[in-house]
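What follows is each chain in one-letter form.
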Amino acid sequence: DSVVSAGMENKAFTADVITSGDVVLSDAAELVYINNGDMENSLTRVVSDMTGKTDFYQFNWENPVTVNQVVLYNQYAGQAPVAWEVFVTTDGQKWDKVAVTDNVLWSNDQLEGKALTFTRQENIIGLRLQIVDANLIWGAYTIYELEVY
């Protein structure tokens, strides 16, 4: 179940997604899992420590979009991101931080989404969700889906 209002368009579907060089995915994970609308498969980032890491997932649009919310889905508290930031760009050069969250609490063994809402941003051609910290009980964190509204 989505945590957003009915009728809102998930702009993640129309974006090309890239990731930062620090991100090493597990053998079973693919970047396409992050915005394909399928909650069955997750992106799994193998990492033992987040210190000094710059993990980000960047959505690029050919035509500018208006955004004001990112929703991150996870299923297991022990391998969930717990702090992230959202950056946007209108020109692909200058990135503005528009939202920050930390100390996010997750249920265990239950798929859920955490929405981060921010001031409406117009004419956006790129959005980055940067993972700042994560629970790494099993040496990895997972993201089941990222939605952008």
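About the cut-offs
- Residues numbered from 1 in each chain as written.
- Predicted model: local features only at pLDDT ≥ 70, side-chain atom pairs only at ≥ 80, totals over all residues.
- Heavy atoms only, no water.
- Helix = DSSP H or I, 4+ residues; strand = E, 2+ residues; numbered from the N terminus.
- Buried < 20%, exposed > 50% of the residue type's maximum accessible area, 1.4 Å probe, protein only.
- Contact = heavy atoms within 4.5 Å.
- Areas by Shrake-Rupley, 256 points an atom, 1.4 Å probe, with all protein chains shown as cover.
- Lys, Arg positive; Asp, Glu negative; His and termini not counted.
- Charge placed at Lys NZ, Arg CZ, Asp CG, Glu CD.
- Phe/Tyr/Trp six-rings, centres within 6.5 Å; stacked < 30°, edge-to-face > 60°.
- Lys NZ or Arg CZ within 6 Å of the ring centre and 35° of its normal.
- pLDDT = per-residue confidence, 0-100.

## Some thoughts on the overall build of the protein
Then, number 1: A count of helical and extended segments in the protein gives 0 helices and 8 strands.
Then, number 2: Counting helices and strands in the order they occur from the N terminus, the protein gives β-β-β-β-β-β-β-β.
Then, number 3: Projecting the C-alpha coordinates of the protein onto the three principal axes gives extents of approximately 40 × 35 × 25 Å.
Then, number 4: Within the protein, the fraction of its 149 residues that count as buried is 50%.
Then, number 5: Considering only residue pairs separated by 6 or more positions, the protein has 77% of its internal contacts joining residues 24 or more positions apart.
Then, number 6: Only carbon and sulfur atoms are counted for the fraction: they give 43% of the accessible area of the protein, which is about 7400 Å².
Then, number 7: Positive and negative side-chain charges of the protein, numbering 8 and 21 respectively, have mean locations separated by a distance of 8 Å.

## Some thoughts on the packing of aromatic side chains
Then, number 1: Applying the stated criterion to the full structure yields 2 aromatic pairs.
Then, number 2: Their ring planes at 20° and their centres at 6.3 Å tell us that Phe59 and Trp61 sit as a pair that is stacked. Here Phe59 and Trp61 have matching classes, each one buried.
Then, number 3: On the numbers, 6.4 Å between centres and 40° between planes, the contact of Trp84 with Trp106 is tilted. Highlighted residues: Trp84 in strand E4 (residues 81-89) and Trp106 in the loop between strand E5 (96-101) and strand E6 (112-134), separated in sequence by 22 residues. As far as the burial class goes, Trp84 and Trp106 line up, both buried.
Then, number 4: Positioned above the aromatic ring of Trp106, the side-chain terminus of Lys114 is 5.5 Å from the ring centre.
Then, number 5: When the ring centre of Phe56 is taken as origin, the NZ or CZ atom of Arg128, which lies over that ring, is 4.3 Å away.

## Concerning the confidence of the model for the protein
Then, number 1: Looking at the protein, the pLDDT average stands at 93 and 96% of residues meet or exceed 70.
Then, number 2: Per-element mean pLDDT across the protein ranges from 94 in strand E2 (residues 43-46) up to 98 in E4.

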